[in-house]
Amino acid sequence: MLVLNPNGMEDTPYTLIEASAHCDGPCGVYDPASARVAGEAVQSMTKKMLALEYPQVFSSQSMATYMNTMSRYAAIKEEEAQKCKKELLVLWTDFFKPIHLDAHPELHDTFWNAAKLCSACKVEVSAQHAQELMDAIEAIHNMFWSIKGREVPWIRAS
Amino acid sequence: MTTVRVRISGDSMWPTYPDGTEFDLLSGDSIQPAVGDVVLASHPFHSNLQIVKRIQSIDDGLVFLVGDNPDPTASEDSHNFGSVSLDAIQGVCVPREEHDD
């Protein structure tokens, strides 16, 4: 690229080479939406577990059905919380860089708290912690897209 | 006479040289890249890509290039693509604020 000196006072043009000083990204595609979907699943399963009523008729069949349903909710909650934690850790350790701490000094605390909440949501059946997890993911969503320089609204699927 | 400038995009040389830093390129037979120099080099796996890195070592004509960013995932350099030939070095980059025009 041939460029005239920007101050316009000199006649000497120069050749400008655009060189890369980028990182190595295996795919280069990051999006907190993956964590958000998993987090929503955790919250949904938590709500379903809390809302599931004990069978009114006690029988082998009703108990088996109840326990099967509750077990499936718990299994999905466990799986999605682990998936959410993994997605968050990938963002934290691969996408975010030390330079981003300048604009977001709360970055490490936010991720640490979010990862802890994933674990809490596995251990417990807590609507409060499920909501706090979603709030943390929303904060990460906002940090992520501000760094990317784009305005992406926080939208939930559920 | 036309001078050559190099402008970097990306954060692999941060915090020494942030995204958008411009350098003057010193090239020619009289320029011998040395350990510690910031250089413009051809990417060994992408022929149309030019990169700016710092020389960490030179051994038997093979140059080990690294970024300045302390994050190990923040720089694609010789840790990923290995050492490059001295022939791949196109010149030494001197930040424009560090010398007189």
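Just so we're clear, the structure is a prediction, and the values are computed from it rather than from any experiment.

Parameters and conventions
- Each chain has its residues counted from 1, running along the sequence as written.
- Chain letters and ligand numbers both follow the written order, the letters beginning at A and the numbers at 1.
- Note on the predicted model: pLDDT of at least 70 is required for a residue's local features to be given, and 80 or more for side-chain atom pairs to be given and counted; whole-chain, interface and lining totals, by contrast, use all residues.
- By convention in this description, side-chain values take in all heavy atoms of the structure and omit both hydrogens and water.
- Put simply, DSSP H or I for four residues or longer makes a helix, DSSP E for two residues or longer makes a strand, and each gets a number counted from the N terminus.
- When a residue's accessible area, from a 1.4 Å probe over protein chains only, is under 20% of the maximum for its type it is buried; when over 50% it is exposed; and in between it is partly exposed.
- Any two residues having at least one pair of non-hydrogen atoms within 4.5 Å are treated as being in contact.
- Surface accessibility in these figures is a Shrake-Rupley result with a 1.4 Å probe; residues are shielded only by whichever protein chains are displayed.
- As used here, the term nonpolar core means buried Ala, Val, Leu, Ile, Met, Phe, Trp, Tyr and Cys residues forming a set that is joined through side-chain atoms within 4.5 Å.
- The term disulfide is used for any two cysteine sulfur atoms that are within 2.5 Å.
- Only one rule defines a salt bridge in this text: a Lys or Arg side-chain nitrogen within 4 Å of an Asp or Glu carboxyl oxygen.

Here we look at the overall build of chain A
Helices and strands together make up the secondary structure of chain A, namely 4 helices and 2 strands. Listing each helix as α and each strand as β along chain A from the N terminus yields β-β-α-α-α-α. By residue count, 37% of the 158 residues in chain A fall in the buried class. Pairs at least 24 residues apart make up 64% of the contacts formed inside chain A by residues separated by at least 6 positions. Surface accessibility of chain A: about 9300 Å² in total, with carbon and sulfur atoms responsible for 57%.

So, unusual backbone geometry
Looking along the chain, the bond that leaves tryptophan 14 of chain B and enters proline 15 of chain B is cis, with omega of 5 degrees. Mapped onto the secondary structure, proline 15 of chain B falls in the loop between strand S1 (3-9) and strand S2 (22-26).

Brief notes about the nonpolar core
All names here are of chain A. Within the largest apolar cluster, 26 residues are counted, with the highest numbers of intra-cluster contacts made by Cys84, Leu88, Leu91, Phe96 and Phe111. At the level of secondary structure, the elements contributing two or more residues to this core comprise helix H1 (33-51), helix H2 (60-95), helix H3 (107-123) and helix H4 (127-148). In terms of residue count, the dominant contributor to this core is H4 (9 residues). Setting aside residues up to four positions removed in sequence, phenylalanine 111 forms contacts with Leu88, Leu91, Trp92, Phe96 and Ile140.

Side note on the state of the cysteines
This structure, assessed with the given rule, holds 0 disulfides over all chains. Its sulfur unpaired, cysteine 121 of chain A is 6.9 Å from the next cysteine sulfur, which belongs to cysteine 118 of chain A.

Describing the pattern of salt bridges
Considering all chains together, one arrives at 8 salt bridges over all chains under this definition. The salt bridge involving lysine 83 of chain A is made with glutamate 80 of chain A; its shortest N-O contact spans 3.2 Å. Residue lysine 83 of chain A and its partner glutamate 80 of chain A are both found in helix H2; the two are separated by 3 residues, about one turn of the helix. Among the residues examined, glutamate 80 of chain A registers a relative accessible area of 13% and is labelled buried. Here arginine 96 of chain B ties to aspartate 24 of chain B by a salt bridge, and the two come within 2.9 Å at their closest N and O atoms. On the criterion of sequence distance, the pair formed by arginine 96 of chain B in the segment after strand S7 (89-95) and aspartate 24 of chain B in strand S2 is long-range, its members being 72 residues apart. For the pair formed by arginine 96 of chain B and aspartate 24 of chain B, the shared burial category is buried.

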